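# A closer look at the structure
Below are the chains, spelled out letter by letter.
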Number of protein chains: 2
Amino acid sequence: MQNSKNHLKTVPKSVIKRLALYARTLHRMELNGIMRVSSKTLAERLGITPAQVRKDLAHFGQFGVPGFGYRPGELREKLRKILGTDRMIRVAIVGAGNLGKALLSYVGFRAQGFKFVAAFDSDQRKIGHIINNIKIQNIDNLEKIILGKKVDIAILAVPASKAQEVTDRLIKCNINAILNFVPLRLIVSDNVKVHYVDLAIELESLSFYLR
Amino acid sequence: MQNSKNHLKTVPKSVIKRLALYARTLHRMELNGIMRVSSKTLAERLGITPAQVRKDLAHFGQFGVPGFGYRPGELREKLRKILGTDRMIRVAIVGAGNLGKALLSYVGFRAQGFKFVAAFDSDQRKIGHIINNIKIQNIDNLEKIILGKKVDIAILAVPASKAQEVTDRLIKCNINAILNFVPLRLIVSDNVKVHYVDLAIELESLSFYLR
DNA sequence: TAGATTGTTAATCGATTAACAATC
DNA sequence: TAGATTGTTAATCGATTAACAATC
């Protein structure tokens, strides 16, 4: 019950996201030389309850010392192992429009241990350009290049009309994790994990709260 | 109980997001000439249950015809009224780095009835540039310009070190809806609504699912 | 009318919070 | 040891799903 792999089905996505938030916060504490943190302190920083912090961690084992709390560096290391971010994660991006290009040079990704290893587009005017040291390649060569580069995660930022077709091709290349920016539900088999980032929906739902 | 304004506190954010998804799906159906849709069909398109569709709508009133279903155009109009997207929403963006610039030209926003009316940066090399017809202005003039432009929503895409300060200034200009791309919890009063889009966390939590 | 599908209530499921014995 | 905080169980809360009478 210690190993994350047993939990693929049972641990809710919301818990996983919070684990990543804990890891980030712990990192900042580490950089500030903090040697000790309680679930109470960590929770305060994130606007949640201490019980939730402890409950989330309990999915994966015991990481604290009763009466003391947690050691930031230690806990962060364990969270990174659980999340699988204790190694470099190799990312390919499909679609080098404005959004794709911005993601390609997003410094937040590099800081967190992600590395772009390939970028694709179908537009001749974009192919060959180099952004953040990555050459934009012809999407016709997707399969050949992806299979050679050991890609872990694909980011999808293509026009909606191409999204499903590109997804199918990615999956044939054994990609089973996709971060999808296309406002469309992708049809994939159960072993493929898709996270949706829907920028328009975020804005639209905000407008509900305008006084 | 019909008016969305009464529900600001009681309707969960997840419901509001689904309403926006319903509106989008209904729009596509409309464009395809579909004159009638059941909660079952709508739910299938979105991968949820028909009961959830009906329950979500029930927060705001009765929109369907028993034995018949819903008229896409009609329901979409009502959802847009509830969401407040039946008018042009005016958006300002603070931070014109790669991400900011990409958002500024993101066509998905225009399609949904959002309009950028101002963009800001502190970098002299960016100030004065025009992107998507919007001139990037000196952030020193934030207050003056925002107050003149009736901004509804601000998008935050500045470096983490500036995020809280910029937020405080936006709120002083009566902005009470912020779409925040900075990986940091913003401190705001209760009447201000912040939606977080945390790109690094999305990627990190995906890596958990890598087989 | 018969069939279909709504709106709504009740049942279920899951996630969050509270409480506390264990323990450093 | 006394105080603090964990890990975990039980209680609460909220959201999702099922069921069905109402009704077009």
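Just so we're clear, the structure is a prediction, and the values are computed from it rather than from any experiment.

What counts as what
Residues numbered from 1 in each chain as written. Chains lettered and ligands numbered in written order. Predicted model: local features only at pLDDT ≥ 70, side-chain atom pairs only at ≥ 80, totals over all residues. Heavy atoms only, no water. Contact = heavy atoms within 4.5 Å. Buried area = accessible area lost by both parts, 1.4 Å probe. Salt bridge = Lys/Arg side-chain N within 4 Å of Asp/Glu carboxyl O. Pairing = 2+ DSSP bridges. Helix = DSSP H or I, 4+ residues; strand = E, 2+ residues; numbered from the N terminus. Axes fitted to C-alpha atoms, helices over the stretch in contact; angles between N-to-C directions. Least-squares fit on C-alpha atoms with pLDDT ≥ 70 in both. Near = heavy atom within 4 Å. Polar contact = N/O pair within 3.5 Å; in protein donor to acceptor, adjacent residues only side chain to side chain. Nonpolar A, V, L, I, M, F, W, Y, C, P; charged D, E, K, R; others polar.

Tallying the contact residues gives 60 residues for chain A and 61 residues for chain B. Summed over both sides, the interface of chain A with chain B buries roughly 5,800 Å², with 65% coming from carbon and sulfur. Interface area lost by chain A to chain B is led by Leu203, Phe208 and Tyr209 of chain A, which between them contribute 15%. At the junction of chain A with chain B, the criterion picks out four salt bridges.

The pairing of strands in a sheet happens through backbone hydrogen bonds and is either parallel or antiparallel. Residue and element names in this part refer to chain B. Strand order in the open sheet formed by seven strands is S3-S4-S2-S1-S5-S6-S7, and the pairing between neighbours is mixed. Only two strands of the sheet have a single partner each, and these edge strands are strand S3 (130-131) and strand S7 (193-196). The sheet contact formed by S3 and strand S4 (residues 134-138) spans two bridges and is antiparallel. Residue pairing across strands places Ile130 opposite Lys135, the latter belonging to S4. Contacting strand S1 (89-94), strand S2 (114-121) and S4, helix H7 (residues 142-149) crosses the sheet at an angle of about 170° to S2.

Attention now goes to the sheet that holds strand S2 (residues 114-121) of chain A. Spatial strand order, S3-S4-S2-S1-S5-S6-S7 (chain A): seven strands in an open sheet with mixed pairing. On the outer flanks of this sheet lie strand S3 (130-131) and strand S7 (193-196) of chain A, each paired with one strand and no other. Helix-sheet contacts for helix H8 (residues 160-172) of chain A involve strand S1 (89-94), strand S5 (153-156) and strand S6 (177-180) of chain A, and the interaxial angle to S5 of chain A is about 170°. Along the sheet, helix H9 (residues 199-207) of chain B contacts S1, S2, S5, S6 and S7 of chain A; its crossing angle with S6 of chain A, the most-contacted strand, is approximately 160°.

Note on the identical chains: chain A maps onto chain B by a rotation of 180° and an axial translation of 0.0 Å, with an RMSD of 0.0 Å. The relationship between the two copies is best expressed as a two-fold rotation axis. Relative to the rotation axis, the closest C-alpha in chain A is found at Ala102 of chain A, a distance of 3.0 Å. A high fraction, 100%, of the interface residues of chain A reappear at the interface in chain B, so the copies pair face to face through one surface.

Bringing the protein's contact with DNA strand C into the picture now. Around DNA strand C, a shell composed of 24 residues is seen, among which Ser39, Arg54, Phe63, Gly64 and Tyr70 of chain B lie nearest. Within the side chain of Arg18 of chain A, an N or O atom sits 3.1 Å from a phosphate oxygen of DNA strand C. A distance of 3.0 Å separates a sugar or linking oxygen of DNA strand C from a polar atom in the side chain of Gln62 of chain B. Looking at the surface near DNA strand C, its residues break down into nine nonpolar, nine polar and six charged.

Interpretation in functional terms is not warranted from these geometric data alone.
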